[in-house]
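Results of the structural survey
In case you want the letters, here they are:
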Amino acid sequence: MSVNAACINFRPDPESIPDAHAALAPGEAWQVDGGRGTTAPMILREGRLYLAGADRQVRALDVETGAELWHRRLPGPILGGVLLGDSLLFVASARPDDRIHALDLATGRTAWTAAAGDLPEPLALAGGAVAGVNRRGHLVGFDARTGAVRFRRRVGRTRLQPIAAEAAFLVAAGDSVLRIEPDSGRVVARGRLPVLPLEWQAARERIVLTGADSSVVALEPATFSVAWRAILDGPVLGPLTFRGDTAWAVTRRGTIYELTLPGPRTRVVARLGEPITTGVTPLGRHLLVGGADGALRALTREGAVAWRVNLSWNITVDPVPVPGGFLAAGGDGDLH
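Throughout what follows, the structure given in this document is the object of discussion.

**Some details on the pairing of strand β4 (residues 57-62)**
- Across the six residues that make up β4, a large majority, five, are buried.
- As judged from the five bridges shared by strand β3 (residues 48-52) and β4, these two strands associate in the antiparallel manner. What sits directly across from L51, in β4, is R59.
- Adjacent in sequence and paired antiparallel, β3 and β4 are bridged by four residues, among which R56 carries a positive phi angle near 75 degrees.
- The pairing of β4 with strand β5 (residues 68-73) spans five bridges and is antiparallel. Paired with R59 across the two strands is H71, which belongs to β5.
- Between β4 and the antiparallel strand that follows it, β5, lie five residues; G66 among them carries a positive phi value of about 80 degrees.

Structure, rendered in structure tokens:
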């Protein structure tokens, strides 16, 4: 059970980009160190990018210049990205810290901090409360303004984050979905999940689940009944991306699907057969996807590769559109 130390962190150079795919690639405005192990989501608001990662750093950057506006180093890695409130940024710092930190958006100073347990998934905000499910299977909720404890309820272990819907928290617990009141943590409704969910999200006033059986299922949030269902060629990688009546999904086979609602009608955009490791980011006439090989690919809506650029291995966070371009994070702390 030994490892040759010479192989640690070995990353061969990425494959060269064919001229046809490099000529139309966008020009790079700036590149900075964004911190290793950036975790999703990173969020853009009013010209500032907020991000955090496994290197324990939380950062705010100016989008136009890439200049760092502030950063904080917390006692534990941040595994669930950032969550933005009106004036506060919330992050969950994992072991050995096991706390939620509320930071001022403008300065990064601590507004409050509270013991929550190890929170490996993103947080959610509903009804003035911020909440997350820790590794012990407890949903913990705190007042978003003061950090006062609102509730601590046993829901069972889950690998899915809570989501906010209809001013309540929804939690996936085994084969059930629970609606939990944000003031007291009381379970006010319970339903059965139609699939074993790998991911779920609130989108277009519905709850969209991607299943281990290669299905995508939308639930009515009030009744948990199935609104629509689609079957793809494999389990979906990450959440879907919605723009109006259109959604895009990437399966673990490297197939990009377009879903048109209502229905939905499904169309294969491309079968890349590549190690795709992000969701789809629509950008103008193109669809952006990142891969484990460090390549960021732009496809036309018809599925042809329009251009490709190399970042560092591997790209796990979806690019973020900004006016006139986009932000992309490589796997080695490089932010472009």
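**Here we look at the packing of aromatic side chains**
- Summed over all chains, the structure comprises five aromatic pairs.
- Judged by centre distance (6.4 Å) and plane angle (50 degrees), the rings of Y50 and W70 are tilted. Here Y50, found in strand β3, pairs with W70, found in strand β5; they are 20 residues apart in sequence, far enough to count as distant.
- Under the relative-accessibility criterion, W70 is labelled buried at 6%.

**Regarding the pattern of salt bridges**
- One pass over the structure, following the stated rule, counts 15 salt bridges.
- In this structure, R95 engages D118 in a salt bridge whose closest nitrogen and oxygen atoms are separated by 3.3 Å. With a gap of 23 residues between them, R95 in the loop between β7 (88-93) and β8 (99-104) and D118 in the loop between β9 (110-115) and β10 (124-126) connect regions that are remote in the sequence.
- We classify R95 as exposed; its relative accessible area is 56%.
- Given the relative accessible area of 8%, D118 is considered buried.
- Here D118 ties to R135 by a salt bridge, and the two come within 2.6 Å at their closest N and O atoms. Highlighted residues: D118 in the loop between β9 and β10 and R135 in the loop between β11 (129-133) and β12 (138-143), separated in sequence by 17 residues.
- Assessed through its relative accessible area of 39%, R135 is described here as partly exposed.
- Within the structure, one salt-bridge network assembled from shared partners comprises D55, R59 and E68.

**Describing the sheet that holds strand β2 (residues 43-45)**
- Read across the open sheet, the four strands follow the order β2-β3-β4-β5; overall the sheet is antiparallel. Two strands close off the open sheet at either side, each with one partner strand: β2 and β5. Here the average twist between neighbouring strands, direction ignored, is 15 degrees.
- Of the pairings in the sheet, the one linking β2 to β3 comprises three bridges and is antiparallel in character. Of the residues in β3, the one forming a bridge with I43 is Y50.

**Comments concerning the side chain of S93**
- Looking at the secondary structure, you find S93 in strand β7.
- A polar contact is formed between the side chain of S93 and the side chain of D97, at a distance of 3.1 Å.
- Once residues lying within four places of it in the same chain are set aside, the contact partners of S93 are L74, P75, G76, P77, D98, R99 and H101.

**What to know about the environment of P41**
- Relative to the assigned elements, P41 resides in the loop between β1 (32-33) and β2.
- Residues P41 and G81 lie 40 residues apart in sequence; the distance between their C-alpha atoms is 4.8 Å.
- Those residues in contact with P41 that lie beyond four places of it in its chain are G80, G81, V82 and P122.

**Quick notes on the environment of R36**
- In this structure, R36 sits in the loop between β1 and β2.
- Sequence-wise, R36 and W307 are 271 residues apart; in three dimensions their C-alpha atoms are separated by 26 Å.
- When neighbours within four sequence positions are excluded, R36 is seen to be in contact with G53, A54, D55, D332 and G333.
- Of the polar contacts made by the side chain of R36, one reaches the side chain of D332; its length is 3.3 Å.

**Comments concerning the pairing of strand β18 (residues 197-203)**
- Among the seven residues that make up β18, five are buried, leaving the element largely enclosed by the rest of the structure.
- Linking two consecutive strands that pair antiparallel, namely β18 and strand β19 (residues 206-211), is a turn of two residues; a positive phi of about 50 degrees is found at R204 within it.

**Thoughts on unusual backbone geometry**
- Geometrically, the link from L261 to P262 is a cis peptide bond, its omega value of -5 degrees lying close to zero.
- With respect to the element layout, P262 can be found in the loop between β24 (255-260) and β25 (265-271).
- Of the consecutive residues G263 and P264, the connecting peptide bond is found in the cis state with omega at -5 degrees.
- Tracing the backbone shows P264 in the loop between β24 and β25.
- Phi at A167 takes a positive value of approximately 60 degrees, unusual for a residue other than glycine.
- Relative to the helices and strands, A167 resides in the loop between β14 (163-165) and β15 (168-173).
- Taking the relative accessible area as the measure of exposure, A167 reaches 60% and is therefore exposed.
- Phi is positive for S214, close to 75 degrees, though the residue is something other than glycine.
- Relative to the helices and strands, S214 is located in the loop between β19 and β20 (215-219).

Reading the values: rules and limits
- Residues numbered from 1 in each chain as written.
- Predicted model: local features only at pLDDT ≥ 70, side-chain atom pairs only at ≥ 80, totals over all residues.
- Heavy atoms only, no water.
- Buried < 20%, exposed > 50% of the residue type's maximum accessible area, 1.4 Å probe, protein only.
- Helix = DSSP H or I, 4+ residues; strand = E, 2+ residues; numbered from the N terminus.
- Pairing = 2+ DSSP bridges.
- Phe/Tyr/Trp six-rings, centres within 6.5 Å; stacked < 30°, edge-to-face > 60°.
- Salt bridge = Lys/Arg side-chain N within 4 Å of Asp/Glu carboxyl O.
- Axes fitted to C-alpha atoms, helices over the stretch in contact; angles between N-to-C directions.
- Polar contact = N/O pair within 3.5 Å; in protein donor to acceptor, adjacent residues only side chain to side chain.
- Contact = heavy atoms within 4.5 Å.

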